[in-house]
Each structure stands twice: as C-alpha cells, then as structure tokens.
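These are the residues of each chain, in order.
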Amino acid sequence: MRCVIMQYVIKGGNPLVGDVVIGGAKNAALGILAAAIMADEDVTIENLPDVRDTNVLLEAIEDIGARVRRIDPHTVCINGSAISTVRVNNDFIKRIRASYYLLGALLGKYKRAEVSLPGGCNIGSRPIDQHLKGFRALGARADVEYGMVVADALHLAGNHIYLDMVSVGATINIMLAAVLAEGNTILENAAKEPHIVDVANLLNSMGANIKGAGTDVIRIRGVQRLHGTTYSIIPDQIEAGTFMFAAAMTRGDVTVKNVIPRHLEAISAKLKEMGCEVIEFDDAVRVVCKSRLHYTHVKTLPYPGFPTDMQPQISVALSLAEGTSMVTESIFENRFKYVDELARMGANVKVESNVAVISGVNRLTGADVSAPDLRAGAALVLAGLAADGYTVVDETKYILRGYERFDEKLRLLGACIYQAEDERDVRRFKLEAV
Ligand code: UD1
C-alpha cells in the first residue's frame, strides 16, 4: 500500500511579487461557528476560511444535530434548532483547540455542556482554568470528568468576573455563556484581539447586548434568546502577516489584499524596523524589501502587542537578518520547537528559557524539515522560500489547519512550491524544477 505523507517541496530563491488575497480569520471563525448554534434560526456566515480547523468544528456541530448547509466553500448556514445532544465527544474535536467554544455556547443555550478536553497545537501547557472559573462565576458547576469538561447549571446569572491572565479563549467562552445569562456580566482583564470584537459583533447581530469588546472591560446584559443573522468574518491577521514576512524574506514586493491594516500594526512596525517599506492602503498593505533585513528585538504580547502566532515567522526572518536579535515568547512556553529544524537549514539560534537569541546568517540552505505545529510549519515554508536549494517540509497537515491553499497562493506570487504525496513526487519535482 502506498503511504501518503503530505509534504511541501520548495525550491528557494524566487522573490515573491504580486498580489495575494487574504481569507477570513480562522480564530474568529471558530468562535463564530460555535456562537451560531445558539440561535434556533438560520445564521449565515460569510468569508469563512475553508481550512481544516473550521471544517472539523462544522463536523462536530453537525454531529450534535445542528443543521449545517454549505452554500459555497466560504459561506455556511447553521441552524441550531434541532440540536439533540449537548455531549460533544467526536474523535476529531479533540484535535482542535476551539472545541472548547462549544462549552460556552451549549452551556449558555441549554445550561449544560459536555465536551472532550481540547487538543490543538502542542505549543505548551494550555490550561482552561479561567474558562471554568468564568462558568462557575455565572453559577454553573464546571469540572473535568473522564476526559470531558462537564458544565451545568439550573440557571446562569450575570456576575463580575476578573480574569487572572489575559486569555483569548476564556474571554470568548465566557462571553458566549453570559449572553444568555440573567442580568449583567462584567468581564475584566479581557483579551482585546480583533477576533474577540468579531465574535461580539456577530452575537450582537443575533440580538445579544455586549459592550466594550476590544477593550479590557466587556459588559454583557443577558438576553432571553438569540435570533438568526447574516455575518461576514474579518480578514485573517496571521495569514496576512505570514505573507508580509514571506515578501520580506524573499526580498519581494507583495500587496496583501482584503486586510484591516490597523490589525497588522505590530507586524508592520517590526517589518519597518527590519528595513522593509510597508505601505498601507484602505484594505491592503504592500511590503517591499530590497536589501538584507536588519536585526530587531521582539516580545510576544496579547493584542495590540506582537502576536505569538507570528513569532516563528519573525524568528525565521531574523535568522537571515544582519546582526543579533532577541525574540521573547511570553505567551506559550513551548513555542521554539522549530528551532532545531531551522538549524538544519544553517540558522544560528540559541534558546534559553523563553528567549531565542538569533545571530543572523548570510544564507539558509535547503534541508528536509518537519513542521512541529501550525505557525512554525508556515515559518519553515518561508525559510524554504528564502533558502538556497530544495527544502522539504513534512507534516503539512498542521499547516492545512489554518492556511487555505497556502502553496497555491505562494505559487501565484512566483514561489516554486508543490505538495508531494510521497518520495517519488519529491524526486519528480526536483527533476522538473531544475
Ligand atoms: C488563542 C488562539 C491562538 C493564539 C492564542 C494567543 C484560538 C483558537 N487560538 O489560543 O492561536 O496563539 O490565543 O493569542 O483563537 N491560560 C491559562 N488558563 C486559561 C486560559 C489560558 O493559564 O484558562 C494561559 C495560556 O496557557 C497561555 C495564555 O494564558 O499562556 C494565553 O492563552 P489564550 O489566550 O487562552 O490562548 P488560546 O485561546 O488557547
């Protein structure tokens, strides 16, 4: 039997030039799809990214009885009126982090939820104590039993909740549960990421009453029911940032279209420090890089700080920059696993605790590397695009969790990258690409 192992094969060295259109934000979509089941009427979601994580969540939603009608690859209509169970124990769901949004959504709507403990990228310990603390504050019992998170309540009542740390997931989950609670909830030290505002906007368009999303205090006045709506997801900040860095690393000239430039400010600022020209338009940014990148220092922080989901991409770019850079990862402790892979390509990176010290090298050279997680996988592809010779990036299944048609979009910008299913494909690509 032929063993299928999806890999990207890349011949590096082509500057990326042209336009790329960014899709809907994966992390917003995950919260939004969960929220959509809270109404008993049709909720139509547009600009949905067609990526593995959202498709897995849609399967889980269908599995519990909600009606899911795919209108086209980027539009789905969800109707939660026929949900027949609050137990989500689908094998797939364990693999995605955002399965936990079904906890908030089902608890809010039915006052009970049982969801397998979430999986997702292995980038460090990812507790959900703040989510549970929020549910308990709303009057629910919330415990982990037999590998499932079980939350239930006779009724939910609004409360004053202070998060011990800024958590995107806990902010969205508590918001989901609180919109149908009785009375007012004040959520302090809330995360401010653009996708939190997006989930709140969707919920408000379904009849919820949420104020302050995008600031660190969110005020929610509970309503009795939510109704149907049509809603379009914001563009993906991280997909956009990845293409911006791809342009920078290949000394290219790329216009990244269908973005909200304000959401990209931290990324644009770093690219400018590194010597790129970043030109902002209403809904696009153009990144031009004509010479070798300069070193810089960066620390990942909650929004509006530099996103942890862009840390591997900037680190890979800095591995080719002039001078020594320091990258501090302050959100997840295990997010430097790609560094050993990058070293195989000639990079000089030393990791001490949560700081990577990167001494820029003149060139990277192609090698066989393996994607350890979603964003690091994308970063290794960028390294391959900038490296001399051929790079094979294994375990592309991680990359497909969050990037739609990644190789195709890169090819349209002039990259030499293909998906290979086996060694024979890899050899054929290398022969043809000579
Ligand atoms: C979300 C994103 C992920 C991104 C991360 C930070 C989704 C589906 N995923 O993940 O891509 O990298 O935000 O921007 O949107 N923490 C606790 N207890 C909790 C919750 C979090 O200790 O109950 C800690 C985490 O271990 C981490 C930090 O808080 O150190 C931030 O995590 P959080 O913002 O919750 O990340 P996720 O929602 O899992």
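Above this text sits the structure in question.
Residues numbered from 1 in each chain as written. Predicted model: local features only at pLDDT ≥ 70, side-chain atom pairs only at ≥ 80, totals over all residues. Heavy atoms only, no water.

Engineer: I keep staring at the overall build of the chain and nothing clicks. Help me out?
Structural biologist: When you go through the chain residue by residue, the secondary structure sums to 14 helices and 24 strands. For a compact globule of 434 residues, the expected C-alpha radius of gyration is about 22 Å, and the chain comes in at 22 Å, within 12% of that figure. If you line up the chain on its principal axes, its C-alpha atoms span 65 × 50 × 40 Å. Per-residue burial for the chain yields a buried fraction of 57% across its 434 residues. Taking the contacts inside the chain whose residues are at least 6 apart along the sequence as the reference set, 73% of them involve residues at least 24 apart. Of the roughly 16900 Å² that the chain leaves accessible, carbon and sulfur atoms contribute 49%. Averaged over its 47 positive side-chain charges, the chain has a centre that lies 1 Å from the centre of its 52 negative ones. (Helix = DSSP H or I, 4+ residues; strand = E, 2+ residues; numbered from the N terminus. Rg over C-alpha atoms; globule rule 2.2 N^0.38 Å. Buried < 20%, exposed > 50% of the residue type's maximum accessible area, 1.4 Å probe, protein only. Contact = heavy atoms within 4.5 Å. Areas by Shrake-Rupley, 256 points an atom, 1.4 Å probe, with all protein chains shown as cover. Lys, Arg positive; Asp, Glu negative; His and termini not counted. Charge placed at Lys NZ, Arg CZ, Asp CG, Glu CD.)

Engineer: What is the right way to look at the site of the ligand in this model?
Structural biologist: Close contacts around the ligand come from 23 residues, with Q130, S167, V168, D309 and I331 the closest. Here an oxygen atom of the ligand and a backbone polar atom of V168 are 2.7 Å apart. Between an oxygen atom of the ligand and a side-chain N or O atom of D309, the distance comes to 2.5 Å. Within the complex, 88% of the 740 Å² of free accessible area of the ligand lies under protein. Every element with two or more residues in the shell around the ligand is listed here: α1 (26-36), α4 (129-137) and α5 (168-178). (Near = heavy atom within 4 Å. Polar contact = N/O pair within 3.5 Å; in protein donor to acceptor, adjacent residues only side chain to side chain.)

Engineer: How should the side chain of K26 be read in this particular structure?
Structural biologist: Mapping K26 onto the fold places it in helix α1. Beyond its immediate chain neighbours, meaning those up to four positions away, K26 contacts P49, V51, D53, T54, D236, L374, R375, R401 and G402.

Engineer: Please clarify how helix α2 (residues 52-63) should be interpreted in this entry.
Structural biologist: Because an α-helix completes one turn every 3.6 residues, residues spaced three or four positions apart along the sequence face the same direction. Over its 12 residues, α2 extends 16 Å from the first C-alpha to the last, a length consistent with the 16 Å expected when each residue adds 1.5 Å. Along α2, the positions that sit buried rather than exposed are D53, T54, V56, L57, L58, A60 and I61. Looking at the packing, one finds that the buried side of α2 touches α1, β4 (67-72), β5 (75-79), β6 (87-88) and α3 (101-110). Just beyond α2, the residue with positive phi is G65, at close to 110°. (Expected span 1.5 Å × (residues − 1).)

Engineer: Honestly, α5 in this entry has me stumped. Any pointers?
Structural biologist: Of all 11 residues that make up α5, 10 are buried, and the element is covered over most of its length. Within α5, burial applies to G169, A170, T171, I172, N173, I174, M175, L176, A177 and A178.

Engineer: How should the pattern of salt bridges be read in this particular structure?
Structural biologist: Once their charged atoms are close, side chains differing in charge can pair, the charge on each being opposite to the other. Enumeration according to the criterion identifies 22 salt bridges in this entry. Measuring nitrogen to oxygen at the nearest pair gives 3.3 Å for the salt bridge that ties D50 to R70. Here the residue D50 occupies a position in the loop between β3 (42-46) and α2, and R70 occupies one in strand β4, the gap between them amounting to 20 residues. With a relative accessible area of 30%, D50 lands in the partly exposed category. Each of R87, R112, E114, R136, R141, D143, E145 and D152 takes part in a single network of salt bridges with overlapping partners. (Salt bridge = Lys/Arg side-chain N within 4 Å of Asp/Glu carboxyl O.)

Engineer: Please clarify how the environment of I37 should be interpreted in this entry.
Structural biologist: Inspection of the secondary structure puts I37 in the loop between α1 and β3. Residue I37 is classed as buried on the basis of its relative accessible area of 0%. Expressed as a C-alpha distance, the spacing of I37 and A157, which sit 120 residues apart in the sequence, is 21 Å. Discounting chain neighbours no more than four positions away, the residues touching I37 are I61, I64, A66, I78, G80, I83, L102, A105, L106 and K109.

Engineer: I tried to follow the nonpolar core on my own but got confused; where do I start?
Structural biologist: It is characteristic of soluble globular proteins that their nonpolar side chains tend to be buried jointly. Counting residues in hydrophobic clusters, the biggest one holds 79 residues, and the most contacted among them are I37, L102 and L203. Broken down by element, this core gets its largest block of residues, 8 residues, from α1. Beyond its immediate sequence surroundings of up to four residues, L102 is in contact with A34, I37, L57, A60, I61, V88, I93, L107, A113 and V115. Counting 71 residues, the second-largest nonpolar core is a separate cluster that includes M345, A383, L410 and L413. (Core = buried A, V, L, I, M, F, W, Y, C linked by side-chain atoms within 4.5 Å.)

Engineer: Would you take a moment to explain the environment of A378 for this structure?
Structural biologist: Tracing the backbone through its elements, the reader meets A378 in helix α11 (residues 374-386). By relative accessible area, A378 is classed as buried at 0%. Spatially, the C-alpha atoms of A378 and L400 are 9.4 Å apart, while their sequence positions differ by 22 residues. For A378, the contacting residues outside a window of four places in its chain are T242, I399, Y403 and F406.

Engineer: I'm lost on the sheet that holds strand β21 (residues 355-359) in this one. Help?
Structural biologist: Sheets are built from strands paired through backbone hydrogen bonds, the pairs being either parallel or antiparallel. Spatially, 4 strands are ordered β18-β19-β21-β20 in an open sheet, and the strand pairing comes out mixed. Every interior strand has two partners, whereas the edge strands, β18 (297-299) and β20 (348-352), have only one. Sheet twist, expressed as the average angle between the axes of neighbouring strands with direction ignored, equals 15°. In terms of strand pairing, β18 meets strand β19 (residues 324-328) through 3 bridges, oriented parallel. Bridging from a neighbouring strand, H297 pairs with M326 of β19. Here helix α9 (residues 311-318) sits on the sheet in contact with β18, β19 and β21, set at roughly 170° to β19. (Pairing = 2+ DSSP bridges. Axes fitted to C-alpha atoms, helices over the stretch in contact; angles between N-to-C directions.)

Engineer: Help me out: how do you make sense of the sheet that holds strand β11 (residues 184-188) in this one?
Structural biologist: Strands sit in the order β10-β11-β13-β12 across an open sheet of 4 strands; the sheet is mixed. At either end of the open sheet lies a strand with only one pairing partner, and these are β10 (160-162) and β12 (209-211). Put simply, the sheet's adjacent strands are angled 15° from each other on average, direction ignored. This element, α5, spans β10, β11, β12 and β13 (217-221) of the sheet and lies at about 20° to β13.

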